[in-house]
There are 2 protein chains.
Amino acid sequence: MLARELEQQIAAGVLRPGDRLPSVRQTCASRGLSPSTVFQAYYLLESRGLVRSVPRSGYFVAARPGGVPLPEPQTSEPQFGSQPVEVNDLIYACLGTARARDIVPLGSAFPSPDLFPLDRLRRALISSTRRLKPWNMVDDLPPGNLRLKREIAKRYLCQGFAVTIDEIVLTHGAMEALNLCLNAVARPGDAVVVESPTFYMALQALQRLGLRAIEVPTHVREGIDLGRLSQVIELYRPKACWLMTTFQNPLGSLMPEAKKRDLVELLARHDVPLIEDDVYAELYEGKAAPLPAKAYDRRGLVLHCSSFSKCLAPGYRVGWAAPGRLAGEVERLKLMTSLSGSIPVQAALAEYLQEGGYDRHLGSLRSSLQAQRNSLFDAVTRHFPDGTRVVRPAGGYFVWVELPVGVDALALHRTALAHRISLAPGPMFSARAEFRHHIRLTCAQQWDGTLERATRTLARLVDDAPREGDHTPPTI
Amino acid sequence: MLARELEQQIAAGVLRPGDRLPSVRQTCASRGLSPSTVFQAYYLLESRGLVRSVPRSGYFVAARPGGVPLPEPQTSEPQFGSQPVEVNDLIYACLGTARARDIVPLGSAFPSPDLFPLDRLRRALISSTRRLKPWNMVDDLPPGNLRLKREIAKRYLCQGFAVTIDEIVLTHGAMEALNLCLNAVARPGDAVVVESPTFYMALQALQRLGLRAIEVPTHVREGIDLGRLSQVIELYRPKACWLMTTFQNPLGSLMPEAKKRDLVELLARHDVPLIEDDVYAELYEGKAAPLPAKAYDRRGLVLHCSSFSKCLAPGYRVGWAAPGRLAGEVERLKLMTSLSGSIPVQAALAEYLQEGGYDRHLGSLRSSLQAQRNSLFDAVTRHFPDGTRVVRPAGGYFVWVELPVGVDALALHRTALAHRISLAPGPMFSARAEFRHHIRLTCAQQWDGTLERATRTLARLVDDAPREGDHTPPTI
């Protein structure tokens, strides 16, 4: 009722892009409604992209002219069946260009270092280094820094489930953890389920190990399609699933917790291990962290992988796996691929975590990222042409954009680069180079005039782009 | 002439174990010989294990009672052909036990941290951390610290050959470098040549990638048999060789430089890449570092791998590959397996190397290790029973011992552990679990009464060991 009324006011232009909605308290008072009723109406409008919340400021009208929200991206329909993975040079080319400092990094996966407590980390590194004893250099090889493992285990415990210190294998970032876990569950020629679209590093890992990919449709808000997953498990007997259940890269999808439980049960019935890439888990909105699928695992089948690279210490390259019943195997693989982590940086992170400022840092990082996501989402909504589809992600670094049918993402990538703007074209995220009219944009930088202008330029390039085969159905 | 005379005096007990030989100057003066003649005689006696040199002290009689030197270990005769690698639990069990602090670490591959300039490294880490800029945390991801690459390139240049900065891929220790190089040259099912015996981590790497091993006889002083290598290349078309040309683990062999040149030429004729594991290269005796095979490579076929773990900074886990024409491929594999090295530790090593104390440290490390190798070799010579074969290695961490025929190295390993002494049994170093009556002993710890006693205890255990099938030929 309230929601519909506000929607009409937005459509009529009474409430204009950027306008602040009346506060919840004001609305309760003026209309005699309960706060929960007002919140519900605002949430509904927010989920439809009509308004957005700004931490400690309130709700604002989203900025699409006329107030008609862009629809959300459609779920892909990848072919049934498994296939070998042959990642093309595109990925490397994109990764390379996205890093040059004179290019607006809308295609980068690297966050701005300004988001992190680098001074405090530096102090922790210095003070822990001062206290390092010579034998630490040898004793901590293979098992890794015990204090750091304990701090990681404590964080699991705070989320309400237990991971023992012994289960934790410290690694060189989540990337190594994921690779080791994949290596532990699959042999060359085996098939592994991935999301469609999926993180390109997953595709690279599959290729490197000679594995086949089974791509499963993945919803832009709710994650992988469990019905289809169940079918492909029965049909193709995959050796594992590699999924990002929370703030998926590139979609930003967050699988609801009940669905995570169902996922774990489905996999347990078929004894299929889940490699859960959970590096964005800390970057949520609201009060509590979404639980990972790992929280519902009773059989030791979930190999949970994470790191400090996205939320605390990029450049330190410290991550871990909690590989359930495969912990021993992953530990062995770690030993034989790179022996051990770097002792001084592990000790530094242990020190930082023990000092206790991590949660405060995370709180402010979450606010910054939320504001940046909102700004990017708003700018896309405001500037991109009709036919664009986008949804506001509930966490993480990325906004996934479906361009108007016929706009070629790779051509757009090249044109944008000529304008010194990077983006991550959709075909990077598929074993079949699908998502030809999709792009992933990054909001891991402080939003400013440069990013705003770059998004506007991108929008103009999309608008100007030749549209091939307008009359054919989408190629996803 | 002089050599024979001294040998007779040793055999007759005129010169007794531990006695100092007359100095070169004295001998020149007393016999009217040129220094080079005297040196030649002493070298000959040393190569036969009758005497040993102690830096800045002179030559001493080796300590075998009666002065009869132990013969050197025989070269293995591995079967022709390639085979899948199935590393058994033995390796992990041995690696685990070798690390407990209350066990005398004759089986450990880890050096004593007391050998390293950990205080100066610590200061370099602290001062470089102070100067790290936020953007270093992101800019150095993938390519790695440029200053460190430059320092590494300069060290190649000092050896008289050029490796460009662009060719260097920084890794998490040599282990990762070797794994990435192997991954770059071979696909599952391919065959790779390894030495017999070979470093167990090479076997583990082959197994992990689903590769087959071709084991080639390797001489305890001069390295791999080039005749046999040529044959297996023609017969089995291996995709690569993985060799340690300098101070091989476990043999301690040092391939002469002319042989290295022949090796590179042989491989170039057949276009077979060489993965050269060169982590012990700095641990030589005498004035100049032995050149690696890489120095003779004109075709970009040598993938040279090394690290700072054995000679400067254990626990930091910083290594590199110089993969020749495969540099781009290895860099990509690095990117997709663990993204990048740890920025703070790379910066610390760059700082340490630029400060310029590295060569002084290496000089003192080489003296310490030489003394430790001599002490271990002497203790084995003095205490082990007849039938033992051993040779004084010219560098590195290890002494390879062939036990009397019929003494089972695995049984000895178990018995020794019960006496709180570790050793590395020969079957760890072979895809067929051969070298059943061989052990590798480590001299990477300061020699002291504990090590002396442990070696004596080991000798007694060897002497007391049941000898199975005394009348059968050796099982190598």
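What you see is a predicted model, and the numbers here were worked out from it, not measured in a lab.

K.L.:
Help me out: how do you make sense of the pattern of salt bridges in this one?
P.N.:
Side-chain pairs of opposite charge can arise where the charged atoms are in close proximity. In total, this model carries 44 salt bridges over all chains according to the counting rule given. Here Asp102 of chain B makes a salt bridge to Arg420 of chain B, at a shortest N to O gap of 2.7 Å. Of this pair, Asp102 of chain B sits in the loop between helix H4 (89-97) and helix H5 (118-131) while Arg420 of chain B sits in the loop between helix H15 (409-418) and strand S14 (424-425), and the two are 318 residues apart along the sequence. Arg420 of chain B gets classed as partly exposed once you look at its relative accessible area, which sits at 40%. Note that Arg366 of chain B is salt-bridged to Glu282 of chain B, the shortest N-O span being 3.1 Å. With a gap of 84 residues between them, Arg366 of chain B in helix H14 (residues 358-383) and Glu282 of chain B in the loop between strand S9 (274-277) and strand S10 (302-307) connect regions that are remote in the sequence. One connected set of salt bridges, linked through shared partners, spans Glu46, Glu285, Arg373 and Arg392 of chain A.

K.L.:
Can you walk me through the pairing of strand S10 (residues 302-307) of chain A in this structure?
P.N.:
Regular strands have side chains that alternate between both faces of the sheet. Residues and elements named next belong to chain A. S10 sits mainly inside the fold: six of its six residues count as buried. Of the two faces of S10, the one lined by Val302, His304 and Ser306 and the one lined by Leu303, Cys305 and Ser307 are each fully buried. Where strand S9 (residues 274-277) lies against S10, four bridges are found, and the strand directions are parallel. If you follow Ile275 over to S10, its bridge partner there is Leu303. Bridge count for S10 against strand S11 (residues 319-322) is four bridges, and the pairing is antiparallel. Pairing of Ser307 across the sheet is with Gly319, part of S11.

K.L.:
Even after reading the chapter, I still don't get the side chain of Lys149 of chain A, so can you show me in this structure?
P.N.:
All names here are of chain A. Note on placement: Lys149 falls in helix H7 (residues 146-158). No salt bridge is formed by the buried Lys149; its nearest oppositely charged neighbour, Glu331, is found at 4.8 Å. The residues touching Lys149, leaving out its near neighbours within four places in the chain, are Pro143, Ile165, Ile168 and Leu170.

K.L.:
I'm lost on the domain arrangement of chain A in this one. Help?
P.N.:
As a measure of interface size, the accessible area lost when the parts come together is often cited. Split by domain assignment, chain A resolves into domain 1 (1-69) and domain 2 (117-355). For domain 1 of chain A versus domain 2 of chain A, the distance between C-alpha centres works out to 38 Å.

K.L.:
Can you help me understand the packing of helix H8 (residues 173-185) of chain A against helix H9 (residues 200-208) of chain A in this one?
P.N.:
The packing of two helices is summarised by the inter-axis angle and the distance between the axes. All names here are of chain A. Contact geometry for H8 and H9: axes closest at 10 Å, N-to-C directions at 40°. The angle between H8 and H9 places the two elements in the oblique class. Where H8 crosses over H9, the two elements pack in a sense that is right-handed. Residues Met175, Asn179 and Leu182 of H8 form the contact with H9, whose own contacting residues are Met201, Ala205, Leu206 and Arg208. The class makeup of the residues in the contact of H8 with H9 is five nonpolar, one polar and one charged.

Basis of the calculations
- Residues numbered from 1 in each chain as written.
- Chains lettered and ligands numbered in written order.
- Predicted model: local features only at pLDDT ≥ 70, side-chain atom pairs only at ≥ 80, totals over all residues.
- Heavy atoms only, no water.
- Salt bridge = Lys/Arg side-chain N within 4 Å of Asp/Glu carboxyl O.
- Helix = DSSP H or I, 4+ residues; strand = E, 2+ residues; numbered from the N terminus.
- Buried < 20%, exposed > 50% of the residue type's maximum accessible area, 1.4 Å probe, protein only.
- Pairing = 2+ DSSP bridges.
- Lys, Arg positive; Asp, Glu negative; His and termini not counted.
- Contact = heavy atoms within 4.5 Å.
- Domains from an automatic or database assignment.
- Axes fitted to C-alpha atoms, helices over the stretch in contact; angles between N-to-C directions.
- Parallel < 35°, antiparallel > 145°, perpendicular 65-115°, else oblique.
- Left-handed = near helix turned anticlockwise from the far one by under 90°.
- Nonpolar A, V, L, I, M, F, W, Y, C, P; charged D, E, K, R; others polar.

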